[in-house]
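Listed below, chain by chain, are the residues.
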Amino acid sequence: MEPWYQRTFLWGQVNLTEDDPIKCDLSFWKDYWKKSGVEGVIINCGGIVSYYRSRFTYQYKAKGLGDQDYFGIWNQAARDAGLTVIARMDINCTTEEMYEKYPEWYCRDKKGQPVLSQGRYMACVNGGYYQEFIPEVFREIIEKYHPDGFADNSWSGPGNKTICYCESCRKMFYEEEGCELPEKPDWEDPVYRKWIRWSYDTRVRNWKFFNKVTSEYGGEDCKWFGMLNADPFSTGGRFYDIKRLVKDAPFIFCDHQSRDHSSGFEQNSLNGALLRFASQENVIVAESMAHYYKGERTFRLSGGEAQEVRKWMMTGMAGGLAPWFHFVGGGTGDHRKFSISRDLFRFAGENKTYFRNRTNIANVGVVWNQESAIYYGREEAAEKSGACFKGMTESLSRAGIPFLPIHADDIGNYADRLSLLILPNIAILSESQEKSVRKWLADGKDLILTSDTALYDTDGEWKGAGELHRDLGIAVCGKAEGISGKGEDNWLVHEGHTYLEIACPGHPVFHKTPDTELLPFGGRMRVCTSHGRLEPICTYIPAFPIYPPEFSWIREKSGEGAVYAGVLESGSRVVYFAADIDRCYTAYHVPDHRRLLEGAVRWAGGGSFPVTVQAPAHVNCNAYRQEEQYLIHLVNLAGCSVPLGTLEENLPIGPVRVTLQGFGKEAEAVSCISGEHYEVIQEIEDMIILIPRLEEQDIIRIKE
């Protein structure tokens, strides 16, 4: 029999509140488990709030717990229902009572005072709380309840703005790094940067240590999986290195409950692929999907808008995520939330084979690493690194071109599956990563790179052009034009009123932007020149007044290249965006920025993509091969560009045209949802599927 983490696909969680032992109707939830068809549940157990009878009397108990063994009650109910049980922990903070008993376990500021968070005392990840006490708590829970495994909500401790000066940290840092702790958070201080790296290392150690402990006490399959957010660029300063933590993980818990202000629903499709390809392609990644209202304001006890939750779930499942309903509190005051996703869970349960053991057939790889976000992006990682990645990936989703998010360490591992590689401002490339990109070019494969890619060293300090840029024939100086960030939205401040002039109007990169000589810009451009085969196809027009309109005319044309394109001797098609169009698209959502990015992808990729989608509105597409059949998962995102949390309705669209290139064999295309057989047209070696109407989503099965 497979271990639980290889067979449990449908998950549920009621994040218990302190009054649930008094007010919650467990029979309702047992019935909900049955109706939704979940196979595993995450149940609050210990840590910041304890829901079981612990021999550690100073472990804080839920206010309504009394003499109840509430975790035990829920655990037994789940076992009776045949469900996998995960004990949910939250181990970062404690009450003053425990602090008074073990003061040496806690984080200290520079003056030696304890570090508090919301009135609770923050435990040090290197102290006795993590290294001695929590392992004993794991042991107690395993011996009493035998959970299948553990999840942990806040395992990584304080972030990069909180330097802990406790004795444990002082001693360990000196022994391992040979110097005293940094005086303050300061990215210009090399000791601080050393502390940052060391802090990531300590979290990796704890991750492995907790797994060793739970496996020792609970058996080989009793795993501790923590929780991870899937966005490597916006971790809130928390010290988890996604690639190192999930590299060999047999299962992943993802805590990325909804879209954010800078992303659309397609982000969740990316979440699943990013975590799986950082680990193993067919590893199960279960993602907590909030069923409460999460928008400009969050209301934990109110149901989320149904379409808001459903679109997030559907795009996540399309990208390979296992669904996981998440409610806060066991109360049933808002019954609307309980009907949001039951049908999606039932469908997934009845058709699990379509979601498991499949191979993504995309041939475009979008590269990421956390080093660029951490050491180059620093306090502006979301803008300087994340926005570039998101701008590129959203433009691909809207273009109907599937892609794979590939860690820079893994370029060589997936080289045989990919033909176009995109590096969206990967400012820091290690020596081995840069060698992989150079080999990619030497092999005649196609490349898009943007902004400061490979121009900074591993500390995030400027180093200038290296071997990669010499291969491209690009000379880069340390100067940049234009602005970073969004700039001031004020017509009297015109520093962002910049443009790109199309220097080669007939170039295929501009296929999506015809009938214009100018494209809006508004961002930052790395000044460079070409002495090789790449030619400037766009040039930079510096800022000029936006108001009053009589003064809004171009004063000068710099002639500096902003976008370069060409074919190298190896045959590689290359586009270099010196202008940060990818970041600008995330910041401003100017359609011309998306069209320019799409044009570059279509030209650099030679128009050769295994699957593409044409539709009257945004359709997110993921394409897979599964043994002798193909699965095309489409999610209708028409009308989804609304404020966070507010999507109220689904807008059916049609017709939708799906093209499979090089698929010259006769085959039938059948909807896994409706059973409908779609019209199929053979054009030379391409197969075209015509879908007259797309509702929320569809999974098309194509049998050879």
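Residues numbered from 1 in each chain as written. Predicted model: local features only at pLDDT ≥ 70, side-chain atom pairs only at ≥ 80, totals over all residues. Heavy atoms only, no water.

### Looking at the overall build of the protein
- For the protein, the count of helices and strands is 18 helices and 33 strands.
- Compactness check: the protein gives a C-alpha radius of gyration of 26 Å against a globular reference of 27 Å for 704 residues, within 12% of the reference.
- Considered along the principal axes of its C-alpha atoms, the protein spans approximately 75 × 65 × 50 Å.
- Taking all 704 residues of the protein together, the buried fraction comes to 60%.
- Residue pairs in contact within the protein that sit at least 24 positions apart in sequence constitute 76% of those at least 6 positions apart.
- Approximately 27500 Å² of the protein is accessible, and the part contributed by carbon and sulfur atoms is 46%.
- One finds the centroid of the 78 positive side-chain charges in the protein at a distance of 3 Å from the centroid of its 98 negative side-chain charges. (Helix = DSSP H or I, 4+ residues; strand = E, 2+ residues; numbered from the N terminus. Rg over C-alpha atoms; globule rule 2.2 N^0.38 Å. Buried < 20%, exposed > 50% of the residue type's maximum accessible area, 1.4 Å probe, protein only. Contact = heavy atoms within 4.5 Å. Areas by Shrake-Rupley, 256 points an atom, 1.4 Å probe, with all protein chains shown as cover. Lys, Arg positive; Asp, Glu negative; His and termini not counted. Charge placed at Lys NZ, Arg CZ, Asp CG, Glu CD.)

### Some points on the sheet that holds strand 4 (residues 93-94)
- Taken in spatial order, the three strands line up as 4-6-5 in an open sheet, and their pairing is antiparallel. This sheet does not close on itself; its edge strands, each paired only once, are strand 4 and strand 5 (116-117).
- Relative to strand 6 (residues 120-122), strand 5 is paired through two bridges, and the arrangement is antiparallel. Counterpart to L116 in the pairing with strand 6 is Y121. (Pairing = 2+ DSSP bridges.)

### Remarks on the pattern of salt bridges
- Tallied over the full model, the rule gives 44 salt bridges.
- Across the salt bridge formed by D452 and R524, the nearest N and O atoms sit 2.9 Å from each other. Of this pair, D452 sits in the loop between strand 18 (446-450) and helix 16 (467-472) while R524 sits in strand 22 (residues 524-530), placing them 72 residues apart in sequence. Pair check on accessibility: D452 and R524 agree, each one buried.
- Here R693 and E695 are joined by a salt bridge, their closest N and O atoms 2.6 Å apart.
- Shared partners join several salt bridges into a network, and the residues in it are E188, R193, R197, R378, D459 and E461. (Salt bridge = Lys/Arg side-chain N within 4 Å of Asp/Glu carboxyl O.)

### Looking at the sheet that holds strand 8 (residues 223-224)
- Pairing within the open sheet is parallel, and its eight strands lie in the order 8-7-3-2-1-13-10-9. Each end of this open sheet is capped by a strand with a single partner; those strands are strand 8 and strand 9 (251-254).
- As paired elements, strand 2 (residues 40-47) and strand 3 (residues 84-90) share seven bridges and run parallel to each other. The residue of strand 3 that forms the bridge with I42 is I86.
- Strand contacts of helix 3 (residues 26-36): strand 1 (11-15), strand 2 and strand 13 (321-328), with the helix running at about 155 degrees to strand 13, the strand carrying the most contacts.
- Contacting strand 2, strand 3, strand 7 (149-152) and strand 8, helix 6 (residues 128-145) runs over the sheet at an angle of about 150 degrees to strand 3. (Axes fitted to C-alpha atoms, helices over the stretch in contact; angles between N-to-C directions.)

### Section: the packing of aromatic side chains
- Overall, the coordinates contain 66 aromatic pairs when judged by the stated rule.
- Geometrically, the ring pair formed by Y192 and W195 is stacked, given 5.7 Å between the ring centres and 25 degrees between the ring planes. You can see Y192 and its partner W195 sitting in helix 8 (residues 190-218), three residues apart, about one turn around the helix.
- Of the residues examined, W195 reaches a relative accessible area of 3% and is grouped as buried.
- The aromatic ring of Y376 is capped on one face by K384, whose charged end is 4.5 Å from the ring centroid. (Phe/Tyr/Trp six-rings, centres within 6.5 Å; stacked < 30°, edge-to-face > 60°. Lys NZ or Arg CZ within 6 Å of the ring centre and 35° of its normal.)

### Some words on the pairing of strand 22
- Of all seven residues that make up strand 22, five are buried, and the element is covered over most of its length.
- Bridge count between strand 19 (residues 474-482) and strand 22: six bridges; the pairing is antiparallel. Each bridged residue has a counterpart across the sheet, and for E481 the counterpart in strand 22 is M525.

### Some points on the side chain of S288
- Its location among the elements puts S288 in strand 10 (residues 284-290).
- Note on S288: relative accessible area 1%, which makes it buried.
- Side chain to side chain, S288 and H326 meet in a polar contact 3.2 Å long.
- Setting aside residues no more than four positions away along its own chain, S288 makes contact with Q13, C254, D255, H256, Q257, W324 and H326. (Polar contact = N/O pair within 3.5 Å; in protein donor to acceptor, adjacent residues only side chain to side chain.)

### Examining a nonpolar patch on the surface
- Where nonpolar side chains cluster on the molecular surface, the patch consists of W491, L492 and Y547 and spans about 400 Å² of accessible area.
- With respect to the helices and strands, L492 occurs in the loop between strand 19 and strand 20 (499-502).
- The exposure class assigned to L492 is exposed, which follows from its relative accessible area of 63%. (Patch = residues over 30% accessible without salt bridge, like charges linked within 9 Å, V, L, I, M, F, W, Y side chains within 5 Å.)

### As for the nonpolar core
- Judged by nonpolar contacts, the single largest core of 212 residues is most densely connected at W11, W29, W74, F253, I448 and L500.
- Contacts of F253, omitting those with residues within four sequence positions, involve W11, I42, I86, F150, A151, F225, G226, M227, L228, A286 and W324.
- Of all hydrophobic cores here, the second largest spans 23 residues; its members include V619, I632, V658 and A669. (Core = buried A, V, L, I, M, F, W, Y, C linked by side-chain atoms within 4.5 Å.)

### Here we look at the side chain of T214
- Residue position: T214 is located in helix 8.
- At 2.9 Å, the side chain of T214 and the backbone oxygen of C222 are in polar contact.

### Some words on helix 17 (residues 581-588)
- Most of helix 17 sits out of view: seven of its eight residues are buried.
- Those residues of helix 17 lying buried are I581, D582, R583, C584, Y585, T586 and A587.
- Contacts from the buried residues of helix 17 go to helix 14 (381-399), strand 18, strand 20, strand 22, strand 25 (573-577) and helix 18 (591-604).
- Following helix 17 by one or two positions, H589 adopts a phi angle in the positive range, close to 55 degrees.

### Quick notes on unusual backbone geometry
- Here the residue pair Y547 and P548 is connected by a cis peptide bond, since its omega of -5 degrees sits within 30 degrees of zero.
- As for its position among the elements, P548 is in the loop between strand 23 (535-541) and strand 24 (561-567).
- Looking along the chain, the bond that leaves G654 and enters P655 is cis, with omega of -5 degrees.
- In this structure, P655 sits in the loop between strand 28 (629-636) and strand 29 (656-660).
- Non-glycine residue N425 carries a positive phi angle of around 55 degrees.
- Mapping N425 onto the fold places it in the loop between strand 17 (420-423) and helix 15 (431-442).
- A positive phi is found at A454, a non-glycine position, where the angle reads about 65 degrees.
- Locating A454 in the fold gives a position in the loop between strand 18 and helix 16.
- Look at A454 and you get buried, because its relative accessible area is 0%.

None of this, on its own, says anything about what the molecule does.
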